[in-house]
Each structure stands twice: as C-alpha cells, then as structure tokens.
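# An overview of the molecular structure
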Amino acid sequence: MAAPRVIVVGAGPAGTRAAELLTAAGLRPLVVDEATDNGGQIYRRQPAGFRRPATALYGTESGRATALHAAFDALRERIEHWPESLAWNLWDGVLHVLRGERSHVLPFDALILATGATDRLIPLPGWTLPGVFTLGGAQIALKAQACAIGRRIAFLGSGPLLYLVAAQYVKAGAEVTAVLDTAPAGARWRALSLMAARPALLAKGAALLARLRRAGVPVHRGVMPLRLEPGASGTRLGGIAFRHADGREVRLDCDAAGLGWHLRAETQLADLAGCAFDFDPVSRQWLPRIDEDGRSTVPGLYLAGDGVRLLGADGAEIAGRLAALAVLRDLGITPPQGADATALRHQQQAMDRFRRGLAIAFPWPAALAASLPDETLVCRCEAITAGELRRSAGALDAPEVNRAKAFSRVGMGRCQGRMCGLAGAEILAATRGVPVAEVGRLRGQAPVKPLPIAALQEEEA
Amino acid sequence: MAVAGMPLMNAAPESLLRRLDEAHRQPVAFTLDGHPATALEGDTLLTAILTNAAALRLSEFGDGPRAGFCLMGACQDCWVWTEEGTRLRACSTPVTPGLRILTTEAPWPRLG
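Scope of this entry: the structure provided in the associated data block. Small disclaimer: the values here were computed from a predicted structure and weren't measured.

## Some words on the overall build of chain B
In terms of regular secondary structure, chain B is built from one helix and eight strands. For chain B, the α and β elements follow one another from N to C terminus as β-β-β-α-β-β-β-β-β. The buried share of chain B, taken over its 112 residues, is 54%. Here the analysis covers contacts within chain B between residues at least 6 apart in sequence; of these, 42% occur between residues at least 24 apart. Looking at chain B as shown, the accessible area adds up to about 5100 Å², and 58% of this sits on carbon and sulfur atoms.

This is the structure in structure tokens:
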C-alpha cells in the first residue's frame, strides 16, 4: 500500500510541530507555506545576510523561536517543502496550490490547516493614512526588515501584542510616544484568576510594562480613539485624537501608529471545505468547530493553531502535535514513542483558561466599532464608509453580513473582509439592534487571495 | 550605526520607514517613479520604497495615498506596478536590481 498523502498548510508553530510529528511516525508530508521560510509570523526569520542575534529579534521567546527553526531545518530532507506557495482553494477533497506561476491540484488522505491569524482591527477615521500600520505589520518591519514604521511612534489597540511590540520598539532604539490601550484600567485585575493559569506569561507581561515605564513611555488605559489625523502635508499621519478615561480630549503627535486588537483567525480554507463553524463569545468571532485534538467536521481535515483557536504560539505548537496525532490515529499509523496526547490536551486547557483571561483583561471594544462615524472608511480596499454599510443594514434591510456585502461591497474587496469584516459585523448588528452572532459571518470565497488568472488555465496534478 | 560611505540610513527625510539596524548590506539600485533610488539587499519592495518615499500607491477609489498596512500579505494594500505593467505585492516581493516601479498610477494599457 502506498504511504498516505498528508499535507500541512502553514509552517508556523503549529504546522512545523505537526510536520515534525508526522515524520517521526514515518510519513513524508508536504508542507505548503506562503512565506520564504518557516516560522510563521511570530517567529518569522529575517532574510539572509541580516546579522541580529535571535535574542534581539525574539526577546524572551528567542529560545522557542530558535528551537522551532531548528526543528524545521532538521525536517528538510524528510518532508516536501513548498515555500512561497499559496493554498487558494479547498473543494471536494482537493487542495489547490499556487506555486510559482502554476496552480497544482493536490488530493490528500489527510490535511492539516495551520493557517494562523492576522491582526483584528477597528477601522478608525484616518486609518488609511500612510504611517498607519497594523501591530503585526509594525513588528514585521522591525523583526524582518530592521526598520521602524516611523520616527515618533504610537501604539493603539488592546491585547498582549500592543505591549510586546511597543517594548520591542523601545528595545530597538525607536521613539515610542505612547501606548494607548482601549481596555479599562481595572479590567486586567478581574482577569487575574484566569490568567494565573500561565504565571510565567503573566510575569513576562509585567516585564514588558516595566520596560516601557523605564523608558518613560506613557501608557494610557481606557482610551477612546477618535481619529487618526493627517500632518501638515495632509498625506501622512500627524497625530491621534483620543479621549482619556477621565473624559479629556487629547491630540497626541506622532508620525506612525501600529493598530490592533488581538487577532482574527484565518479560516477561509476551512470554510471552503464546508467545515461547521460556531460563534465563539470569548473572541466574538466565528471559528471552525473542532474536537479536542483538532478534527474538523469534515473527514480528513484537521485544524491547528491560531487559525482555529487563538491560543498564541505555545498553544499552536501543542495544537499542531495534537492534530498530527489525530491524523496518525485516524489513518491507523502507530504514533512515535513518547507522544502523549493526554498531556498535550491538559496543557491546552491551561492555555484556554489564559485565553479567556486575556479576553477579559483586554476586551474587544465592540461598542467603539459599532459607533464609528458614518464617514469612516470601513472598507480600505474600495473606500466604502460606515454610513453605506449602515444603509444596507437599515434602508436596504440586509439581515446578515453577506447580504450587506452584496449591497455595500464591504467585505468584497481584495482583502476579502480580513481587515474590515469583524468590525463591519458589529456595525451591522448595532444598526439592526441584534447580537453580533445573529448577523453571521462572511463566507469564504476562492481564491482566498488574489492570484493571476493565467495560473488557472492549466492546473497540474 | 551608519557605515562610512553608505549614506542610506534615513537618507530621505520624507521617507516613511526608518532603518534602525542591518545597514551593512549591499546597496541595490532601482528606479522609483523615473528617479534612481537605492535600497539594501534583503529589503522587501515595501521597505525599499518606503525608505525612499512616503507612500506606495494611490487608492484606486480617489481617497489618497496608501503605504501598505499589514506587511503579511493579507490586506493587499501595498500593490505597486512596474513600468511594464506587472503588479507586485510590495510586502512580499524582494527588491531586485533594476526594478522600475511606479507609485503614482497603474500603467493602464492603451486602448484602440
């Protein structure tokens, strides 16, 4: 019997650990990844010729980052690796992958999707100005290109990445003018009992805050962002207008800003495959349904990492291993010695407690998204305003996000709702006066990212 | 940590991005809106452009300049064009010597 064909999409923490475990059981998986090399976004490697040591790039996580890179380097002869390749459709048990200029049709016996996440955003007035980036983007500029996103930089949003990126910028010698957190000052104390599930991580968070304090970076909590304002030229960021927790309205001078409120899962391929989704009230987003090991509702399809549960990099490594063990079990292959699904599941539970704590400590400001001024550009791709989205919800009576998308085109642009979708759902729900779960989720569409039409003319098996 | 003979660190005062490190790399010459420009080996096209200029492109919908956003291939807000009319996603394309990039307007094919 031929060896089963197992494909892993994504070579971040989850995909790498999944591939490692599959090879340990004697399989030779195909690993498809959009990036040039493994690491995902969080442990992204700097290009060849860069010299900064891992401690400069990854800080307290440098050990985990270098371990993940080394694990992948050790796999290179034992897997098939397609870097710079886009898995763009998953339909009828077949994965479609763009590699170079050709698309390939890939059947499989088992497929693990470890597609990761992107920043979750709120489309503020002025967020399209040059100088405004996502938090993840600001981190990539620094980590992978040794650049700061500007000269006087503010970070705005909520969640652990807000403080991590600000502290990384300080460490790299950039001028951070302020950290603006929309979470109320007292929120994190209410989350303490849940976050105590991972004391080491709590300590790291405290260390980040201490670094910011030592550098004299003001940290404002409970802020209400109002506008990202242009500078004198009118064509790039000059400042951020926000309301303090005490009600004062302030303008902070800065020429760059990083924005983000936790993460949103990349779920398009799972959606195209027909996986069932559930609304997750903790993250206020729809996530594919999985069992405790990562089996989706579609046979042969497994999901791991931030693309299905937003547990962060450590949780993704565990999820990748669990999904690989589930694949082996379902294919009737003996797992490698020492692999212990029970212990992994137990660790995963602690991560999930911490995740719930984070959502309380740094809540998604749904009301802020819902209350954006009508003239705010919600859709960056096609410059569509919150007012137009509200009109589709009101006058045109769209009951859910896909109908509203058809009317307004919010979510139809080339980012396919990645940047605007979750905030757009809050606007729609608030306009209609219903809970956000009731307006549903944007359906995925293939190709999940733009690709040249020529690539489709002759697909190769 | 500017290197002698390499005036690239923060060369353009109007540039959006600011280099903090890794200035030892070899220069890469390319063309930006018809003018000669210099990047460093290992730069993405986004870095190459935004260390020389303050924007990457104009929104097709008339709302002004854009300079990318997510840097991880998700937002598609960093598309630029070569003079020959090839579209490139600047955040995930390495800069290469001799590239001729337009940030002003897509070179639409002439009709008729």
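Text resumes after the structure shown.
## Focus on the packing of aromatic side chains
The geometry of an aromatic ring pair is captured by the separation of the ring centres together with the interplanar angle, meaning the angle of the planes. If you walk through the whole model with that rule in mind, you get five aromatic pairs over all chains. Plain terms: the ring middles of Tyr 43 of chain A and Tyr 58 of chain A are 6.2 Å apart, the flat faces sit at 85 degrees to each other, and that makes the pair edge-to-face. You can see Tyr 43 of chain A sitting in the loop between β2 (30-32) and α2 (54-58) and its partner Tyr 58 of chain A sitting in helix α2, a full 15 residues away along the chain. Overall, the relative accessible area of 8% leaves Tyr 58 of chain A in the buried class. Taking the centre distance of 5.4 Å and the plane angle of 90 degrees together, the rings of Trp 127 of chain A and Phe 69 of chain B count as edge-to-face. Linking Trp 127 of chain A in the loop between β8 (117-119) and β9 (132-134) with Phe 69 of chain B in the loop between β5 (65-66) and β6 (79-82), this pair reaches from one chain into another. When sorted by exposure, Trp 127 of chain A lands in the same class as Phe 69 of chain B, which is buried. Across from the ring centre of Phe 354 of chain A, 5.6 Å away, lies the NZ or CZ of Arg 198 of chain A, which sits over that ring. Here the basic side chain of Arg 414 of chain A rests over the ring of Trp 79 of chain B, its NZ or CZ set 3.9 Å away from the ring centre.

## What to know about the interface of chain A and chain B
Listed as interface residues are 48 residues of chain A and, on the opposing side, 43 residues of chain B. Carbon and sulfur atoms supply 57% of the area buried between chain A and chain B, which totals about 3600 Å² over both sides. Summed over the shared surface of chain A and chain B, the result is four salt bridges. A salt bridge links Glu 60 of chain B to Arg 414 of chain A, with the shortest nitrogen-to-oxygen separation between them at 3.1 Å. The interface formed by chain A and chain B holds 17 residue pairs in polar contact (both at pLDDT 80 or more) in total. For the side of chain A that touches chain B, the elements supplying multiple residues, two or more each, are β8, β9, α4 (135-145) and β10 (147-148) of chain A. Considering each element in turn, the side of chain A that touches chain B owes the most residues, six residues, to α4 of chain A. For the side of chain A that touches chain B, the residue count by class is 23 nonpolar, 13 polar and 12 charged. Judged from the two bridges that link them, β10 of chain A and strand β1 (residues 18-19) of chain B form a sheet pairing that is antiparallel. Within β1 of chain B, the position partnered with Ala 148 of chain A by the bridge is Arg 18 of chain B.

## Digging into the environment of Glu 400 of chain A
All names here are of chain A. Take Glu 400: it is sitting in the loop between α13 (386-393) and α14 (401-408). Between the C-alpha atoms of Glu 400 and Val 439, which are 39 residues apart in sequence, the distance is 4.1 Å. In this structure Glu 400 touches Leu 428 and Val 439, once residues within four positions along its chain are discounted. Looking at Glu 400, its side chain comes within polar contact range of the main-chain nitrogen of Arg 403, at 2.8 Å.

## Brief notes about the environment of Met 195 of chain A
Residues and elements named next belong to chain A. By the secondary structure assignment, Met 195 is in helix α7 (residues 192-195). Met 195 gets classed as buried once you look at its relative accessible area, which sits at 6%. Distance in space between the C-alpha atoms of Met 195 and Asp 374 is 37 Å, their sequence separation being 179 residues. In contact with Met 195, not counting residues within four places along its chain, are Leu 202, Phe 354, Gly 357, Leu 358 and Ala 361.

Thresholds, definitions, all that
Residues numbered from 1 in each chain as written. Chains lettered and ligands numbered in written order. Predicted model: local features only at pLDDT ≥ 70, side-chain atom pairs only at ≥ 80, totals over all residues. Heavy atoms only, no water. Helix = DSSP H or I, 4+ residues; strand = E, 2+ residues; numbered from the N terminus. Buried < 20%, exposed > 50% of the residue type's maximum accessible area, 1.4 Å probe, protein only. Contact = heavy atoms within 4.5 Å. Areas by Shrake-Rupley, 256 points an atom, 1.4 Å probe, with all protein chains shown as cover. Phe/Tyr/Trp six-rings, centres within 6.5 Å; stacked < 30°, edge-to-face > 60°. Lys NZ or Arg CZ within 6 Å of the ring centre and 35° of its normal. Buried area = accessible area lost by both parts, 1.4 Å probe. Salt bridge = Lys/Arg side-chain N within 4 Å of Asp/Glu carboxyl O. Polar contact = N/O pair within 3.5 Å; in protein donor to acceptor, adjacent residues only side chain to side chain. Nonpolar A, V, L, I, M, F, W, Y, C, P; charged D, E, K, R; others polar. Pairing = 2+ DSSP bridges.

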